[in-house]
Amino acid sequence: RSAGAIPKRNRFVDLVATVGERDYMFEMKSTTEGNYQSQVRYGVSQLCEYRYLHRLHSAKLVLVTENPPPRPLRWIADYLAGDMKILLVWDGDGRTLDCPANIKTEMTFLF
């Protein structure tokens, strides 16, 4: 809201917002070290499906996890951003979000 966006949601999509001229679609996932990879996979498929169903083909997809990637999966943020064009963000400390530096520059309105 502070970026001038009006957040929207429905029974499928956790959050959609238009910031400036860009649509963003967010999917939130609760994660633990044991389920992180499966939750990321589930979230990615949901984001792709929702973008298609809602005809938001140019929307930026953002996956928000409860925790940062566990050490063995640190590669996943680069993979998602580089290969899948999905931005990974996580709950930093219960009050703020965190993510790799290259993603912060792309979504300054979140930080």
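For the structure given in this document, a descriptive report is provided here.

Rules and cut-offs
Residues numbered from 1 in each chain as written. Predicted model: local features only at pLDDT ≥ 70, side-chain atom pairs only at ≥ 80, totals over all residues. Heavy atoms only, no water. Pairing = 2+ DSSP bridges. Helix = DSSP H or I, 4+ residues; strand = E, 2+ residues; numbered from the N terminus. Contact = heavy atoms within 4.5 Å. Axes fitted to C-alpha atoms, helices over the stretch in contact; angles between N-to-C directions. Core = buried A, V, L, I, M, F, W, Y, C linked by side-chain atoms within 4.5 Å. Buried < 20%, exposed > 50% of the residue type's maximum accessible area, 1.4 Å probe, protein only. Phe/Tyr/Trp six-rings, centres within 6.5 Å; stacked < 30°, edge-to-face > 60°. Lys NZ or Arg CZ within 6 Å of the ring centre and 35° of its normal. Expected span 1.5 Å × (residues − 1). Arc of directions from axis to C-beta. Salt bridge = Lys/Arg side-chain N within 4 Å of Asp/Glu carboxyl O.

## Thoughts on the sheet that holds strand 3 (residues 60-65)
Right, on to step 1. Strand order across the open sheet formed by 5 strands is 1-2-3-4-5, with mixed pairing between neighbours. At either end of the open sheet lies a strand with only one pairing partner, and these are strand 1 (15-19) and strand 5 (97-98).
Right, on to step 2. Lying on the sheet, helix 1 (residues 36-53) is in contact with strand 2 (22-29), strand 3 and strand 4 (86-91); it crosses strand 2 at an angle near 145°.
Right, on to step 3. In this fold helix 2 (residues 76-84) packs onto strand 3 and strand 4, with an angle of close to 150° to the strand it touches most, strand 4.

## Side note on the nonpolar core
Right, on to step 1. Counting 17 residues, the largest nonpolar core has Met 25, Val 40, Leu 63, Leu 80, Ile 86 and Leu 88 as its most contacted members.
Right, on to step 2. Put simply, the parts of the chain that give this core at least two residues each are helix 1, strand 3, helix 2 and strand 4.
Right, on to step 3. Per-element accounting of this core gives the leading share, 5 residues, to helix 1.
Right, on to step 4. Excluding residues that lie within four positions of it along the chain, Met 25 makes contacts with Val 13, Leu 15, Val 16, Leu 47, Tyr 50, Arg 51, Leu 56, Lys 60, Leu 61 and Val 62.

## Considerations on the packing of aromatic side chains
Right, on to step 1. The tally for this structure, following the rule as stated, stands at 3 aromatic pairs.
Right, on to step 2. Taken together through their ring pairs, the aromatic side chains of Tyr 24, Phe 26 and Phe 109 make up a single cluster.
Right, on to step 3. The ring of Phe 111 has Lys 104 lying over it, and the distance from NZ or CZ to the ring centre is 5.5 Å.

## Quick word on the environment of Gly 20
Right, on to step 1. You can see Gly 20 is positioned in the loop between strand 1 and strand 2.
Right, on to step 2. Along the primary structure Gly 20 and Asp 91 are separated by 71 residues, whereas in three dimensions their C-alpha atoms are 24 Å apart.

## As for helix 1
One full turn of an α-helix is made of 3.6 residues, so residues set three or four places apart face in the same direction.
Right, on to step 1. Compared with an ideal rise of 1.5 Å per residue, which puts 18 residues at 26 Å, helix 1 spans 26 Å between its outermost C-alpha atoms and is within 8% of the ideal.
Right, on to step 2. Considered for burial, the residues of helix 1 that qualify are Tyr 36, Gln 39, Val 40, Gly 43, Val 44, Gln 46, Leu 47 and Tyr 50. One side of helix 1 carries all its buried residues, which in axial view fall inside an arc of 165°. In helix 1, the exposed positions that point more than 90 degrees away from the buried face belong to Arg 41 and Tyr 52.
Right, on to step 3. On its buried side, helix 1 packs onto strand 2, strand 3, helix 2 and strand 4.
Right, on to step 4. Positioned one or two residues after helix 1, Arg 55 has a phi angle of 55°, which is positive.

## Regarding the pattern of salt bridges
Right, on to step 1. Within the structure shown, the criterion is met by 4 salt bridges.
Right, on to step 2. The residue Asp 98 makes a salt bridge to Lys 104 at a minimum N-O spacing of 3.3 Å.

## Some thoughts on helix 2
Right, on to step 1. Those residues of helix 2 lying buried are Ile 76, Ala 77, Leu 80 and Ala 81. Down the axis of helix 2, the sector holding all buried residues measures 130°, keeping them to one side. Within helix 2, the exposed residues directed more than 90 degrees away from the buried face are Asp 78 and Asp 83.
Right, on to step 2. On its buried face, helix 2 sits against helix 1, strand 3 and strand 4.
Right, on to step 3. Looking at the residues trailing helix 2, positive phi occurs at Lys 85, about 60°.

Shape descriptors only; they carry no functional weight alone.
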